[in-house]
Amino acid sequence: MAKWFYKQSKLIQILLLLIPGLNWVVEICIRWSAFLSRPRLLTLVFAIVATVSFGVFGWVDLVWLLLFDHLLFAKA
């Protein structure tokens, strides 16, 4: 899922993280797929935080995506 997300245009990525509810689902899918591809402690911690934050962490990732072109600790 993380590779699919990064293949999308910047506008689609922003929209996926901007829409409440949808950003939480996308965030969970990206975070857990990033953890499964790179099982590290930080990716696990951020996957858990994204799961329990109910979309609030998606707003942080939206800003991070705009600044650095990837999500916080979830590179493809």
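Above this text you will find the structure in question.
Residues numbered from 1 in each chain as written. Predicted model: local features only at pLDDT ≥ 70, side-chain atom pairs only at ≥ 80, totals over all residues. Heavy atoms only, no water.

Caption draft 1: Representation of the environment of Val 60 in the model. By the secondary structure assignment, Val 60 is in helix α5 (residues 56-68). Separated by 43 residues in the primary sequence, Val 60 and Leu 17 have C-alpha atoms spaced 9.5 Å apart. (Helix = DSSP H or I, 4+ residues; strand = E, 2+ residues; numbered from the N terminus.)

Caption draft 2: Spatial organisation of the environment of Leu 71. Relative to the helices and strands, Leu 71 resides in the segment after α5. On a C-alpha basis, the gap between Leu 71 and Phe 57 in space is 11 Å, while along the polypeptide they are 14 residues apart.

Caption draft 3: Just the pattern of salt bridges, in detail. Enumeration over the complete set of coordinates arrives at 3 salt bridges. Measuring nitrogen to oxygen at the nearest pair gives 3.0 Å for the salt bridge that ties Glu 27 to Arg 31. Placement of the pair is Glu 27 and Arg 31 together in helix α3 (residues 22-37), with a separation of 4 residues, close to one helical turn. The class of Arg 31 is buried, set by a relative accessible area of 1%. Note that Arg 31 and Asp 61 form a salt bridge whose closest N and O atoms lie 2.5 Å from each other. Here the residue Arg 31 occupies a position in helix α3, and Asp 61 occupies one in helix α5, the gap between them amounting to 30 residues. Across this residue pair, the class does not change: Arg 31 and Asp 61 are buried. (Salt bridge = Lys/Arg side-chain N within 4 Å of Asp/Glu carboxyl O. Buried < 20%, exposed > 50% of the residue type's maximum accessible area, 1.4 Å probe, protein only.)

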